[in-house]
Amino acid sequence: MNRLKLGLYWAASCGGCEIAVLDLDEKVLDIAEAAEIVFWPVALDFKYRDVETMADGSIDVCLFNGAIRNSEQEHIARLLRAKSKVLVAFGSCACFGGIPGLANVANRQQVFDRVYLSGPSTANQDGTMPRTVSQMPEGELILPEFYDTVSSLNQVVPVEYYLPGCPPPTDLIWRAVEAIVSGQLPPPGSVIASDKTLCDECKRERSQEKSVKEFKRLWQVVPDVTKCFLEQGLICHGPATRGGCGAKCIEANIPCRGCFGPAPEARDQGGKLLGAIASLIDSHDPKETARIVDQIPDRLGTFYRFVLPTSMLRRARL
Amino acid sequence: MSERFEPQLIGFFCRWCSYQGADLAGTSRIKYPPNLVPIRVMCSGRVDPTFILKAFREGADGVLVAGCHPGDCHYGEGNYNMMKRYPLLAGLLSEFGIEPERLRLEWISASESEKVAAVVRELTETVRRLGPLNWRSTVVSLVEGRLA
């Protein structure tokens, strides 16, 4: 049997997806046996040039994590798309934009000002800022161009499969690897997770009553381990989020943060969650309702924590 | 040449009361600006927040949601669901850079044809003052400008 040619890449990501691959533990050795890794910058010494010289379609499967926020990432996304038969958006950033996608509340200038000038721990008296092109005595130095807007992988190139999660859980990674190795691939466009919402997987009790008079932050209470988080006034993304993660956060008594992206029927995860949260409020008085929802800070960041670039509105207007 | 900006408004009208109020405004020949496109829904509670976000994305400069007065919902509590979404949505829209005045929620009964006309007039003028939203061109240019 020909060994499967496997590529892995990270774009705008934190590195957690790479750790998730290594979390397969000794199964990583099975992958190394079944597959020949032809590109994996975080772990093996390959150069972009090595990929550029490959024939188109010569990588069987590429697991691509991270969002696209600069010209280097876009270039490699296009390059790996051309070289790969199957491109997998691996992790929430590649699937939906992820945490880096929250930068879509700002533009490049605002991001740079915050990071290089006004951040509380920043000391930059000379006001040095990254530039795409710098003239130096040694010649011209080039940095990738930083974009105003973060994109998911499929907003840049076509993608065959989506493996969500921050990071994807190891059992789903293994399920994907087994499917790839055995050739038993689901139809293109599939999300390798559940077709139901997280609430469908959750074992907590729900009273189905409108019961919330007050929204709280997690640090303010010790949640009851048997009751629905939402009914305890804690924001949980369960109703608007795709299941398949095994509800690990819920089991650890932490509400869902929505990393598996919108539930299968939901176009806009934030809008869905907003509707679900509003329906829980126990009040018929507009003033009281307004007071109750005022307890939810940073609605955009809370409702769209992992999905802003793929949401209905995609980014904030400045 | 400077033409007056004509806002494009989308209105979601509950079929039991507000839409009938709008019908009555028509049969009574009450005049009001032609800027609003009415969409009949079964209940203001049926107006998923996603519909409103989509209206703005697709080019609406303002959105009106009109339902039965509190206590009068044909289904009991549908309009209360919309009432509770409204402050959350208004806050969310302003975080997206959309002035919350572009979204208006009104309770209009089947007999309140004058109110339909007044609300449409007011919303048209409010949005005219705010100017065009142009979600697609403003936002897409920020996206596409960097992604050739």
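Scroll up a little and you will see the structure.
The structure reproduced in this document is the subject of the present report. (Residues numbered from 1 in each chain as written. Chains lettered and ligands numbered in written order. Predicted model: local features only at pLDDT ≥ 70, side-chain atom pairs only at ≥ 80, totals over all residues.)

Considering the overall build of chain A
Within chain A, the regular secondary structure consists of 12 helices and 9 strands. Here the C-alpha atoms of chain A give a radius of gyration of 22 Å, agreeing with the 20 Å that 2.2 N^0.38 yields for 318 residues. Each principal axis of the C-alpha atoms in chain A carries an extent, and together these give about 65 × 55 × 30 Å. When each of the 318 residues of chain A is scored for burial, the buried share is 42%. Summarising the internal contacts of chain A: among those between residues at least 6 apart in sequence, 74% fall at separations of at least 24. (Helix = DSSP H or I, 4+ residues; strand = E, 2+ residues; numbered from the N terminus. Rg over C-alpha atoms; globule rule 2.2 N^0.38 Å. Buried ≥ 20, exposed ≤ 12 C-beta atoms within 10 Å, placed from the backbone. Contact = placed C-beta atoms within 7 Å.)

Observations concerning the pairing of strand E1 (residues 9-14) of chain B
Residues and elements named next belong to chain B. By the criterion of burial, E1 is predominantly enclosed, with 6 of the 6 residues buried. Here E1 shows no split at all, with Leu9, Gly11 and Phe13 on one side and Ile10, Phe12 and Cys14 on the other all buried. Strand direction decides the pairing type here: E1 and strand E2 (residues 36-41), joined by 6 bridges, are parallel. Across the sheet, the residue bridging to Phe13 is Arg40, located in E2. Read as a crossover between parallel neighbours, the route from E1 over helix H1 (residues 18-27) to E2 is right-handed. (Pairing = 2+ DSSP bridges. Right-handed = clockwise from strand over helix to strand, strands pointing away.)

Digging into the packing of helix H10 (residues 269-280) of chain A against helix H2 (residues 49-57) of chain B
Between two packed helices, the angle of one axis relative to the other and the distance separating the axes together describe the packing. It is the contact of H10(A) with H2(B), at a shortest axis distance of 8 Å, that shows an interaxial angle of 140 degrees. When the axis of H10(A) is compared with that of H2(B), the two are oblique. Read as a crossing pair, H10(A) and H2(B) show a hand that is right-handed. Within the contact between the two elements, H10(A) uses Gly271(A), Lys272(A), Leu274(A) and Gly275(A) and H2(B) uses Pro49(B), Thr50(B) and Leu53(B). A class-by-class count of the residues in the contact of H10(A) with H2(B) yields 3 nonpolar, 3 polar and 1 charged. (Axes fitted to C-alpha atoms, helices over the stretch in contact; angles between N-to-C directions. Parallel < 35°, antiparallel > 145°, perpendicular 65-115°, else oblique. Left-handed = near helix turned anticlockwise from the far one by under 90°. Nonpolar A, V, L, I, M, F, W, Y, C, P; charged D, E, K, R; others polar.)

Comments concerning the nonpolar core
With 129 residues, the main nonpolar core has Phe64(A), Val88(A), Ala89(A), Leu163(A), Phe56(B) and Val63(B) as its most contacted residues. When residues of this core are assigned to their parent elements, the largest contribution, 9 residues, is made by helix H3 (residues 78-95) of chain B. Both domains that furnish three or more residues to this core are identified here as domain 1 (4-99 + 148-182) and domain 3 (198-310) of chain A. For Val88(A), the residues in contact, after removing those within four places along its chain, are Val61(A), Cys62(A), Leu63(A), Phe64(A), Glu160(A), Tyr161(A) and Leu163(A). (Core = buried A, V, L, I, M, F, W, Y, C linked by C-beta atoms within 7 Å. Domains from an automatic or database assignment.)

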